[in-house]
Amino acid sequence: MKKKWGKVLLTGLLSLSLAACSNGLGTQEAEVQNKGAMESYAVGDTFKATEPFNLSIMYNDNPAYPIKQDWMLFKKITEITGVTLEPTIVPMSDYSQKRSLLISSGDAPLIIPKTYPGEEAPFVASGAALPVSDYVDLMPNYKDKVEKWGLEDELEGLKQEDGKYYLLPGLHEEVWPDYTLIVRTDIFEKHNIAIPTTWEELYTALKQLKEEYPDSIPFSDRFKFNSTLNIAATGFGTKGGWGYGNGLTYKEDQDEFVYTATTPEYKEMLEYFNKLVEEGLLDKESFTQDDEQAIQKFVSGKSFVINGNSQTVVMHRNDMDKTLGKDNYSIAKITVPGGPAGQLMSGSRLENGVMISSKAKESENFEAIIQFIDWLYYSDEGQEFAKWGVEGETFTKENGVRKLVEDINYNGLNPDGTKDLRIEYGFSGGVFAYGGTTDLLHSMFSEEELKFQNDMKEVKDVVPAEPPIPYSVEERERVTLLSTPLKDYTDQNTFKFILGERDLSEFDTFVSELESQGVSQYLEIANETYKEYKEKAGE
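In what follows, the accompanying structure is described.

What counts as what
Residues numbered from 1 in each chain as written. Predicted model: local features only at pLDDT ≥ 70, side-chain atom pairs only at ≥ 80, totals over all residues. Heavy atoms only, no water. Helix = DSSP H or I, 4+ residues; strand = E, 2+ residues; numbered from the N terminus. Rg over C-alpha atoms; globule rule 2.2 N^0.38 Å. Contact = heavy atoms within 4.5 Å. Buried < 20%, exposed > 50% of the residue type's maximum accessible area, 1.4 Å probe, protein only. Pairing = 2+ DSSP bridges. Axes fitted to C-alpha atoms, helices over the stretch in contact; angles between N-to-C directions. Parallel < 35°, antiparallel > 145°, perpendicular 65-115°, else oblique. Nonpolar A, V, L, I, M, F, W, Y, C, P; charged D, E, K, R; others polar. Salt bridge = Lys/Arg side-chain N within 4 Å of Asp/Glu carboxyl O.

## What to know about the overall build of the protein chain
- Looking only at helices and strands, the protein chain has 19 helices and 16 strands in total.
- The C-alpha atoms of the protein chain give 24 Å as radius of gyration, which agrees with the globular expectation for 539 residues (24 Å, within 12%).
- Seen along its three principal axes, the alpha-carbon backbone of the protein chain occupies a region of about 70 × 60 × 40 Å.
- Here the contacts in the protein chain between residues at least 6 apart in sequence split such that 77% fall between residues at least 24 apart.

The following block contains the structure:
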């Protein structure tokens, strides 16, 4: 659920790259072992190993739909491709740590999905991660989507110092938003309160709600307020929460990076949310409470606004049918409010992806493994399979319109279905199903969610991706030592300012404190690296 890709993409600290070559997409450096590989494999072909083989894969196990070895997903993968997956099952809560331990010990599976760009960086210098950019010529579907959707510039932002990248990112045709505010539309309508289109209008609406319900705190949030800070920051011309990343913001007019928390835009955002807290409109517990506590306040009618996405809307409705009664409420996602900087939307068409162990290069099936990954993660056929399952068994397709079969449900798409597409069959899980065409993405959206997507597209301008900062290994170590405590201190003081535990008159003092903690050295390394990259690129 947590769309943290936007947060990690902009962290130049841990960046990747597409290798340079004649076609700009990569080339293999040496002959590869090709047992089981298809001699002729192109866009539109179904991958089928000429000789069956087993392939180890790390599996991020989501407790909402825990893995079952007899899922149709696994059986059909073997049936279609001749590849039998051997999952190393790792709990979602422990995935990052366990992944590091397995890779460091040399016991990692060959395929390591659900890896966000930057997370592979610790394994580059040691040679544990495969430089996949050397082999994308073996991936026709991947190359086709990069070229067809014009993703080259965005992929530039993933460059490593050596000109190679070590992770295959998920590819989307278009930027798509997910998180926003969910409001009690029935309460808004009852009191003739307009649905807010800006953060200032939200403030006015919350004040009206407080007048109508003086014992309530209208806005009580989840995700420790990190999602709301993320979506709000864009409209304030800054970054925050999940999107704060490494703390750097590119200023085009200066052609350099500044430290985000030191800017007037960041201060203005803090002043806004501090005002909500001070006037009793935003619950102070939003920054510390568990998600379940925030949800209970919302579904029981104690609060009227909460952050969420298309999945949480469905979950809230299921809860509210029980707490308030099916006909006694209405809720909806609203278009993300605009701010002083305008109606803006940040995001990327790249998503978390697949890291490959360098040990895969030693496999006699190496080329076949790359072809298999290309088909499953990047072909139209493989992406539809990972999301929808098997035509005629889990879904039907008529005139291009996909529909779940009668007894299968997914995220409220077919509420009368008794079997869940993820729980019972394994499809639409986070290990395999991401990326793809807008048509495929929208195919699993309700009419309500499609309206939200279209509204966002109509009113929002997309913030351009920031340029890369391709650090060397040594530079990355230095900036990590500087940036980590800076971010921790920023997080602590961000909440103190918003909660009123520290007066905003001390903001300049806070900036000075960041200076004493090394923010100038951090910016110096970042901007020098960026300028060196520009010179090398001939810009």
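Structure shown, so let's carry the discussion forward.
## Description of the pairing of strand E5 (residues 180-184)
- Taking burial as the measure, the five residues of E5 include five buried ones, the bulk of the element.
- Relative to strand E8 (residues 305-308), E5 is paired through four bridges, and the arrangement is antiparallel. Looking across to E8, one finds that Val-183 is bridged to Val-305.
- In the sheet, E5 pairs with strand E9 (residues 331-333) via three bridges, with the strands oriented antiparallel. From the neighbouring strand, Val-183 faces E9, where its bridge partner is Ala-332.

## Observations concerning the packing of helix H9 (residues 264-278) against helix H17 (residues 473-499)
- Remark: H9 packs on H17, axes separated minimally by 7 Å, with the N-to-C direction vectors making an angle of 45 degrees. Here H9 is positioned oblique relative to H17, judged by the angle of their axes. Between H9, through Tyr-266, Leu-270, Phe-273, Asn-274, Val-277 and Glu-278, and H17, the contact on the second element is made entirely by Thr-490, Thr-494, Phe-497, Ile-498 and Leu-499.
- In the contact of H9 with H17, the residues fall into seven nonpolar, three polar and one charged.

## Comments concerning the sheet that holds E8
- One open sheet holds the three strands; their spatial order is E8-E5-E9, and the pairing between them is antiparallel. At either end of the open sheet lies a strand with only one pairing partner, and these are E8 and E9. Direction aside, neighbouring strands of the sheet carry axes that sit 30 degrees apart on average.
- Contacts between helix H10 (residues 291-299) and the sheet are confined to E5, E8 and E9, with E8 contributing the most and set at about 130 degrees to the helix.

## Digging into the pattern of salt bridges
- Throughout the structure, instances matching the rule amount to 32 salt bridges.
- Across the pair Lys-487 and Asp-491 runs a salt bridge whose closest N-O atoms are separated by 2.9 Å. Residue Lys-487 and its partner Asp-491 are both found in helix H17; the two are separated by four residues, about one turn of the helix.
- Since its relative accessible area comes to 25%, Lys-487 is described here as partly exposed.
- Judged by its relative accessible area of 26%, Asp-491 is partly exposed.
- The closest approach of N and O atoms between Arg-502 and Glu-513, which form a salt bridge, is 3.0 Å. Here the residue Arg-502 occupies a position in the loop between H17 and helix H18 (507-516), and Glu-513 occupies one in helix H18, the gap between them amounting to eleven residues.
- Taking relative accessible area as the criterion, Arg-502 reaches 11% and is therefore assigned buried.
- Residue class for Glu-513 comes out partly exposed when judged on its relative accessible area of 21%.
- A network of salt bridges, in which partner residues are shared, links Glu-384, Lys-397, Arg-402 and Asp-439.

## A few points about unusual backbone geometry
- For Asn-399, which is not glycine, the phi torsion reads 55 degrees and is therefore positive.
- Topologically, Asn-399 is positioned in the loop between strand E12 (395-398) and strand E13 (401-404).
- Judged by relative accessible area, which is 78%, Asn-399 ranks as exposed.

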